[in-house]
Amino acid sequence: MLSIKPSSYLDYHKYFKDIYAKLKSEIRGYTYVSFTSDLGLGECNTMLLIIQGKRPLTNKVAKTVASSMNLKGLERRYLLRLAEMESLSDEKDRDKSFASLLELKSELVTSEGDKNKLEFFRDWYNVAIFELMSYEDARDDPEWISKGLMPTVA
């Protein structure tokens, strides 16, 4: 399971779905009940419900799963932060949690290129400006760029 790292994902549903698919391809007769049990949650279909988005990954369950998977250090904190981020409803809290997730991710990446990519994606408007500049009538003019962004950037 550890060959698939939580830090490679921004969505824990996809992370667990990929782990399950890998295990199912390697172990004949592997089921969601087996998967849930292997993750320390008993013999039930909890992980199926979590993967399908019908049940949240609570902090308590995330800690149990992280321990069962023997996740340590930054990878453990990353998974716990993913779970926390989805549970937040306030936009400012989510932004703060996402910034914390990016900070963890920046500690995990080793190449300068990956660090530069993370820095680029840190602020939403970098991608928006990049896309705006692909327009045929694009202008290297802050006022033109600002008018093309919603919400505006001062």
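Residues numbered from 1 in each chain as written. Predicted model: local features only at pLDDT ≥ 70, side-chain atom pairs only at ≥ 80, totals over all residues. Heavy atoms only, no water.

**A closer look at the overall build of the chain**
Thought 1: Tallying secondary structure elements over the chain gives 9 helices and 0 strands in all.
Thought 2: Written out in order from the N terminus, the α and β elements of the chain read α-α-α-α-α-α-α-α-α.
Thought 3: Expected size for 154 residues packed as a compact globule is a radius of gyration near 15 Å; at 19 Å, the chain overshoots this value by more than 25%.
Thought 4: Taken along the three principal axes of its C-alpha coordinates, the chain extends 60 × 35 × 30 Å.
Thought 5: Per-residue burial over the chain gives 29% buried out of 154 residues.
Thought 6: Here the contacts in the chain between residues at least 6 apart in sequence split such that 41% fall between residues at least 24 apart.
Thought 7: For the chain, the accessible area works out to roughly 9900 Å², and carbon and sulfur atoms hold 52% of it.
Thought 8: If the 23 positive side-chain charges of the chain are averaged to one point and the 24 negative ones to another, these points end up 10 Å apart. (Helix = DSSP H or I, 4+ residues; strand = E, 2+ residues; numbered from the N terminus. Rg over C-alpha atoms; globule rule 2.2 N^0.38 Å. Buried < 20%, exposed > 50% of the residue type's maximum accessible area, 1.4 Å probe, protein only. Contact = heavy atoms within 4.5 Å. Areas by Shrake-Rupley, 256 points an atom, 1.4 Å probe, with all protein chains shown as cover. Lys, Arg positive; Asp, Glu negative; His and termini not counted. Charge placed at Lys NZ, Arg CZ, Asp CG, Glu CD.)

**Some remarks on the nonpolar core**
One recurring pattern in soluble globular proteins is that nonpolar side chains are buried together.
Thought 1: Y15, F16, I19, F35, L57, M69 and L79 are the most contacted members of the largest nonpolar core, which has 29 residues in total.
Thought 2: Of all the secondary structure elements, the ones that give two or more residues to this core are α1 (12-26), α3 (46-51), α4 (59-68), α5 (73-87) and α6 (91-108). (Core = buried A, V, L, I, M, F, W, Y, C linked by side-chain atoms within 4.5 Å.)

**A closer look at the environment of K17**
Thought 1: In this structure, K17 sits in helix α1.
Thought 2: According to the relative accessible area criterion, K17 is partly exposed, its value standing at 48%.
Thought 3: Linking K17 and I50, residues 33 residues apart in sequence, is a C-alpha distance of 9.4 Å.

**Description of the packing of α4 against α5**
Thought 1: Packing of α4 against α5 leaves a shortest axis separation of 9 Å and a crossing angle of 155 degrees. In terms of their interaxial angle, α4 and α5 are classed as roughly antiparallel. Note on packing geometry: the crossing formed by α4 with α5 is right-handed. For the pair α4 and α5, contact is made by N59, A62, K63, A66 and S67 and by R76, L79, L80 and A83, respectively. (Axes fitted to C-alpha atoms, helices over the stretch in contact; angles between N-to-C directions. Parallel < 35°, antiparallel > 145°, perpendicular 65-115°, else oblique. Left-handed = near helix turned anticlockwise from the far one by under 90°.)

**Concerning a negative patch on the surface**
Thought 1: Taken together, the side chains of D90, E91, D93 and D95 present a region of like negative charge at the surface.
Thought 2: One can find E91 in helix α6. (Patch = residues over 30% accessible without salt bridge, like charges linked within 9 Å, V, L, I, M, F, W, Y side chains within 5 Å. Salt bridge = Lys/Arg side-chain N within 4 Å of Asp/Glu carboxyl O.)

**Remarks on α5**
Thought 1: Its 15 residues place the ends of α5 22 Å apart at the C-alpha level, agreeing with the 21 Å of an ideal helix rising 1.5 Å per residue.
Thought 2: On its buried side, α5 packs onto α1, α4 and α6. (Expected span 1.5 Å × (residues − 1).)

**Some words on the pattern of salt bridges**
Thought 1: Counted under the stated rule, the structure contains 5 salt bridges.
Thought 2: Residue K14 is joined to D18 by a salt bridge in which the shortest nitrogen-to-oxygen separation is 2.8 Å. One end of the pair, K14, and the other, D18, are both in helix α1, 4 residues apart, so they sit about a helical turn from each other.
Thought 3: Since its relative accessible area comes to 42%, K14 is described here as partly exposed.
Thought 4: For E143, the salt bridge goes to K147, with nearest N and O atoms at 3.5 Å. You can see E143 and its partner K147 sitting in helix α9 (residues 142-148), 4 residues apart, about one turn around the helix. An identical accessibility class is assigned to E143 and K147; each is exposed.

That is the geometry; function is a separate question.
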